Amino acid sequence: MTTEQNVLFTIFGGTGDLAKRKLYPSLYRLYKKGIIKEQFAVIGTARREWTDDHYREIIIETIKDLIVSEEDAIEFASHFYYQSHNVNDSEHYVSLKVLAEKLEARYHIKGNRLHYLAMSPDFFGTITQQLNEQGLVSDTGFNRLIIEKPFGHDYETANILNEQIREVFDENQIFRIDHYLGKEMVQNISTVRFANNMIESMWNNRYIDNIQITLSEALGVEERGGYYDKSGALRDMVQNHILQVVSLLAMEPPAKLSDIDIRNEKIKALRAVRVFTPEEVKENFVRAQYDVGSNDDILLNKYQNELNVAEDSLTETFVAGKILIDTFRWKGVPFYIRTGKRLSEKGTQINIVFKNVPLNLFSEDAEEKLPSNVLTIFIQPTEGISLQINTKKTGIDLETETFDLMHQHSAETLANSPEAYEKLIFDCLNGDATNFTHWDEVASSWRFVDAIRKVWDQDKTNLPSYPSGSMGPAESDALLAKDGFYWYWNPISPDENEKK
Ligand code: NAD
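Definitions and limits used
Residues numbered from 1 in each chain as written. Predicted model: local features only at pLDDT ≥ 70, side-chain atom pairs only at ≥ 80, totals over all residues. Heavy atoms only, no water. Helix = DSSP H or I, 4+ residues; strand = E, 2+ residues; numbered from the N terminus. Rg over C-alpha atoms; globule rule 2.2 N^0.38 Å. Buried < 20%, exposed > 50% of the residue type's maximum accessible area, 1.4 Å probe, protein only. Contact = heavy atoms within 4.5 Å. Axes fitted to C-alpha atoms, helices over the stretch in contact; angles between N-to-C directions. Parallel < 35°, antiparallel > 145°, perpendicular 65-115°, else oblique. Left-handed = near helix turned anticlockwise from the far one by under 90°. Nonpolar A, V, L, I, M, F, W, Y, C, P; charged D, E, K, R; others polar. UniProt positions renumbered as here; feature names shortened; annotations may be inferred. Near = heavy atom within 4 Å. Polar contact = N/O pair within 3.5 Å; in protein donor to acceptor, adjacent residues only side chain to side chain. Areas by Shrake-Rupley, 256 points an atom, 1.4 Å probe, with all protein chains shown as cover. Phe/Tyr/Trp six-rings, centres within 6.5 Å; stacked < 30°, edge-to-face > 60°. Pairing = 2+ DSSP bridges. Expected span 1.5 Å × (residues − 1).

(A) Structural detail: the overall build of the chain. Scanning the chain for helices and strands turns up 15 helices and 16 strands. What you see for the chain is a C-alpha radius of gyration of 24 Å, in line with the 23 Å of a compact globule of 500 residues. Projected onto its principal axes, the C-alpha positions of the chain cover 80 × 50 × 45 Å. For the chain, the residues scored as buried account for 54% of the 500 residues in total. The long-range fraction of contacts in the chain, counting pairs at least 24 apart against all pairs at least 6 apart in sequence, stands at 76%.

Now the structure itself:
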């Protein structure tokens, strides 16, 4: 749909990193596609004292790699206005309201307001309350709120935050960002499942042995040590991105592809995730911290020596775990997940490992296992899908060999595909919440994560470590080995199809 949307964006945190790196370029891309054109305006607010002119210079700087002509960039930037603002000061909301009304009249915007909170979640409650009290929620048109992660620190804080926001906005006006849901291949999960009878008919515990999700980062904490040391991999990655991917893999087919139907199925899937007892946590989850090591011959230091990280920090930079989903479909199928920093390479992939054929006709030992069929969904940076199958090796003997049927999005497709933030803002403009997390999803995810966190927080012994540049600690491999499995990573060619 490319009809023009008339809308007033107010971006709280308009001078911040997210706004500059993601939001402004995404708005420009939507502008180039005609989704926002003439009847839109953007108010950027933050503490700094900037003029409109300076703000527009910054906007043009942030889109410099995308612009088609200087005039075009200037015309786009002319829709941007800056308002210096301290979110704790109610006076400032009064000025903001005056500006909002002026711009709505100038650009013929019919009360459609998109409030984007691109700043620390500590301020979300205050901002939404003030938007309401100072009359910034319009009576005409739509009012939508986009909020960034993290949504709370645990269930309790998330619930308090949610109640504050829900005093002003209804659930269907709240768009909680999980940018993973804007990724092309995450959105493709439902298509791969529900547009292919061959796949969906086997998508259950009769045919699938286990499912593996790896979200691997090559970088360490870099400058984010202060934030990360209070968060850790479990909160930073598992509570949101990984559990969202789990819900898309595990959900039942929705009646329709509407946001309500899809989110209902995701909510049901997340509710069925077993919340572990302390004993089960110890059995099914491992954590670790990166130690010194090397990658591409570059020496890397250990986590505890990173900037703004406590020397005796017990924060995990790696998590591996087994998730169990108590439904008819998934009973007995473990979902193994792992994520970590400073691993050997950056990449996110899902490996669906199918059960073996009942008998091996190709070996003298009928019990000898053939390589499993593995369906891999490559999320990033490679985007694609592969299927590992066994075939006859060319020659007079009857031997098997394993191939991968691989489709990888071309460089051209990747270059032209929309950014996650562009797609998510587009969806929000259309009132489509499919790719945003509902409160019930957030709540279930926190309940699962909190049970693990509680056990770990009570254990003050040192964490296992793994060398920087490896794929994690031995404990992660042992977790699968005790079930008779191993991690798959890049099962692209038979040669590489080995335990990693
Ligand atoms: P940032 O620190 O770069 O920017 C924060 C913004 O908030 C700045 O514009 C600052 O001026 C403003 N601000 C701070 N205190 C204020 C106050 N009292 N009154 C008015 N304005 C105030 O942060 P960021 O990296 O842009 O992140 C913003 C949000 O987005 C956070 O919730 C973060 O977790 C989330 N997020 C960021 C990224 C990213 O790539 N940067 C990715 C995912 C999520």
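After presenting the structure, the write-up continues.
(B) Structural context of the packing of helix α7 (residues 184–194) against helix α9 (residues 225–250). Two elements in contact, α7 and α9, have axes whose closest approach is 9 Å; the angle formed by their N-to-C orientations is 10°. The angle between the axes of α7 and α9 places the two elements in the roughly parallel class. For the element pair α7 and α9, the recorded crossing hand is right-handed. Where α7 approaches α9, its residues Val186, Ile189, Ser190 and Arg193 are matched on the opposing element by Val245, Leu248, Leu249 and Ala250. Here the residues of the contact of α7 with α9 sort into six nonpolar, one polar and one charged.

(C) Spatial organisation of the UniProt feature "domain: Glucose-6-phosphate dehydrogenase C-terminal" (unreviewed entry) in the chain. In the numbering used here, UniProt assigns the feature "domain: Glucose-6-phosphate dehydrogenase C-terminal" (unreviewed entry) to residues 191–487. Between the C-alpha atoms that bound residues 191–487 there is a distance of 25 Å. The span itself is 33% helix and 24% strand.

(D) The site of the ligand, seen in detail. Around the ligand, 20 residues are found, and the nearest of them are Thr15, Asp17, Leu18, Arg21 and Lys149. Within the backbone of Gly16, one N or O atom sits 3.1 Å away from an oxygen atom of the ligand. Between a nitrogen atom of the ligand and a side-chain N or O atom of Arg47, the distance comes to 3.5 Å. The protein chains hide 75% of the 830 Å² of surface that the ligand would expose on its own.

(E) Representation of the packing of aromatic side chains within the structure. What the rule picks out here adds up to 26 aromatic pairs. Geometrically, the ring pair formed by Tyr31 and Phe76 is tilted, given 4.9 Å between the ring centres and 50° between the ring planes. Placement of Tyr31 in helix α1 (residues 17–32) and of Phe76 in helix α3 (residues 70–77) is noted, with a sequence separation of 45 residues between them. The pair Tyr31 / Phe76 is uniform in exposure class, with both members buried.

(F) Seen up close, the sheet that holds strand β2 (residues 40–46). Across the sheet, six strands lie side by side as β3-β2-β1-β4-β5-β6; this open sheet has parallel pairing. Each edge of the open sheet carries a strand with a single partner, namely β3 (80–84) and β6 (174–176). The mean angle between the axes of side-by-side strands here comes to 20°, regardless of whether they run parallel or antiparallel. Two elements, strand β5 (residues 143–147) and β6, share three bridges in a ladder whose sense is parallel. Considered in β6, the bridge of Ile147 is made with Arg176.

(G) Representation of helix α10 (residues 259–271). Taking 1.5 Å per residue as the helical rise, α10 with its 13 residues ought to reach 18 Å, and the 18 Å between its terminal C-alpha atoms agrees with that figure. Those residues of α10 that sit buried are Asp259, Ile262, Arg263, Glu265, Lys266, Ile267, Ala269 and Leu270. In this structure, the buried side of α10 is in contact with α9 and α14 (439–458).

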